[in-house]
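# A look at the structure
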Amino acid sequence: MEKSRTKKIRSFIELILSALSPKARGINLVYAYLYGITCHFMFAIAVIAMIYHMFYGMQKSYGNLEGALAIMANGALILQFPLAHSFLLSQRGQKILSLLGPKDLAISLSTTSFTIVASIQLFVLFMLWSPSKIVFELPFEFLIYILPILYCLSWFLLIVATIDAGLEVQSGALGWISVVARKKPKFPELPTTGLYRVIRHPIYASFFLAVLTVPTWTADQFVVSLILGGYCIFAPILKDRRLIDRHGEKYLSYKNTTPYMLPSKRIK
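Let us look at the structure shown here. (Residues numbered from 1 in each chain as written. Predicted model: local features only at pLDDT ≥ 70, side-chain atom pairs only at ≥ 80, totals over all residues. Heavy atoms only, no water.)

### Some details on the overall build of the protein chain
Looking only at helices and strands, one finds 11 helices and zero strands in the protein chain. Over its C-alpha trace the protein chain gives a radius of gyration of 20 Å, about what one expects of a compact globule, namely 18 Å for 268 residues. Considered along the principal axes of its C-alpha atoms, the protein chain spans approximately 55 × 45 × 35 Å. Expressed as a percentage of its 268 residues, the buried residues of the protein chain come to 44%. Summarising the internal contacts of the protein chain: among those between residues at least 6 apart in sequence, 81% fall at separations of at least 24. Taken as a whole, the protein chain presents about 15000 Å² of accessible surface, with 69% of it coming from carbon and sulfur. Mean positive and mean negative side-chain charge positions of the protein chain (27 and 13 charges, respectively) differ by 10 Å. (Helix = DSSP H or I, 4+ residues; strand = E, 2+ residues; numbered from the N terminus. Rg over C-alpha atoms; globule rule 2.2 N^0.38 Å. Buried < 20%, exposed > 50% of the residue type's maximum accessible area, 1.4 Å probe, protein only. Contact = heavy atoms within 4.5 Å. Areas by Shrake-Rupley, 256 points an atom, 1.4 Å probe, with all protein chains shown as cover. Lys, Arg positive; Asp, Glu negative; His and termini not counted. Charge placed at Lys NZ, Arg CZ, Asp CG, Glu CD.)

Here's what the structure looks like:
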């Protein structure tokens, strides 16, 4: 494990432990812990739901609609995530996030609020999907054994990429712990080590691999992979623009020397 990655993990653990010695008092402390518990609980169950239901090709979800109603409901479920997710990452979306909470704490809690909203979106998508029961047979028998391994490796890469990006932001912990510590949220520096040394968007790339290596292929999974996979490919273009606005020449220099999502090919 790279030293920088080990350092990031250690820093995150120290951040979590610091919440055990709060400096905030009264209602602010209650809000911070309430947001933190909600954030991490929703994040955990959303990730579990996503891994589980995609593994089975969306055939074990709990939606029970059929025909045209199922198509419309599933369409709304799959589109709400990329649309709302992208919007909340925009400047307008950030303003809305800064309103989701007590007036004096909402801005500090915005990263936690974002994670809560994103987790709810994913949980609803994967739990309420109405299965079509249309299952495709894999063209080669060896894929029955290879795809589960590749699927697990994709999620492992996603975990590593999340660590490299900064667990405090990706998990939503930065916001509520900043309130607990009565400090302004301090965002991590621009990630350029670990997987970010190889490509600019390893989180998107890892999730793209996850939606392509699902062990069970169905009509439902095909749609989910098409929409979410397409989002993984094109959403980083907007992220590049946001990071240029935030970091200026520093990110431009990084962008010009680091490939988009494929180590052997640059998309600028």
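There is more to say after this.
### Quick notes on the pattern of salt bridges
Counted under the stated rule, the structure contains two salt bridges. Ionic pairing is found between R5 and D164, a salt bridge with its closest N-O pair at 2.7 Å. Placement of the pair is R5 in helix α1 (residues 3-18) and D164 in helix α6 (residues 143-165), with a sequence separation of 159 residues. Residue classification places R5 among the buried residues on the basis of a relative accessible area of 13%. (Salt bridge = Lys/Arg side-chain N within 4 Å of Asp/Glu carboxyl O.)

### Section: helix α5 (residues 110-128)
For α5, spanning 19 residues, the distance from its first C-alpha to its last is 27 Å, which sits close to the expected 27 Å at 1.5 Å a residue. The element α5 is extensively covered by neighbouring structure, given that 14 of its 19 residues are classed as buried. (Expected span 1.5 Å × (residues − 1).)

### Describing the environment of L153
As for its placement among the helices and strands, L153 is situated in helix α6. L153 gets classed as partly exposed once you look at its relative accessible area, which sits at 47%. For the pair L153 and A210, spaced 57 residues apart in sequence, the C-alpha to C-alpha distance is 8.3 Å.

### What about the environment of V135?
Within the element layout of this structure, V135 appears in the loop between α5 and α6. For the pair formed by V135 and S113, sequence separation is 22 residues and the distance between their alpha carbons is 37 Å. Excluding residues within four positions of it along the chain, V135 makes contact with Q59, W217 and T218.

### As for the nonpolar core
In terms of nonpolar packing, the biggest core is built from 41 residues, with M54, F126, W155, F207, V224 and L228 touching the most fellow members. When residues of this core are traced back to their parent elements, those giving at least two are α2 (26-55), α3 (67-89), α5, α6, α9 (202-212), α10 (219-247) and α11 (249-257). Discounting residues that sit within four places of it in the chain, V224 has contacts with M54, M58, I78, F126, W129 and G229. In terms of nonpolar packing, the next biggest core, distinct from the first, is built from 17 residues, A19, C39, L109 and V180 among them. (Core = buried A, V, L, I, M, F, W, Y, C linked by side-chain atoms within 4.5 Å.)

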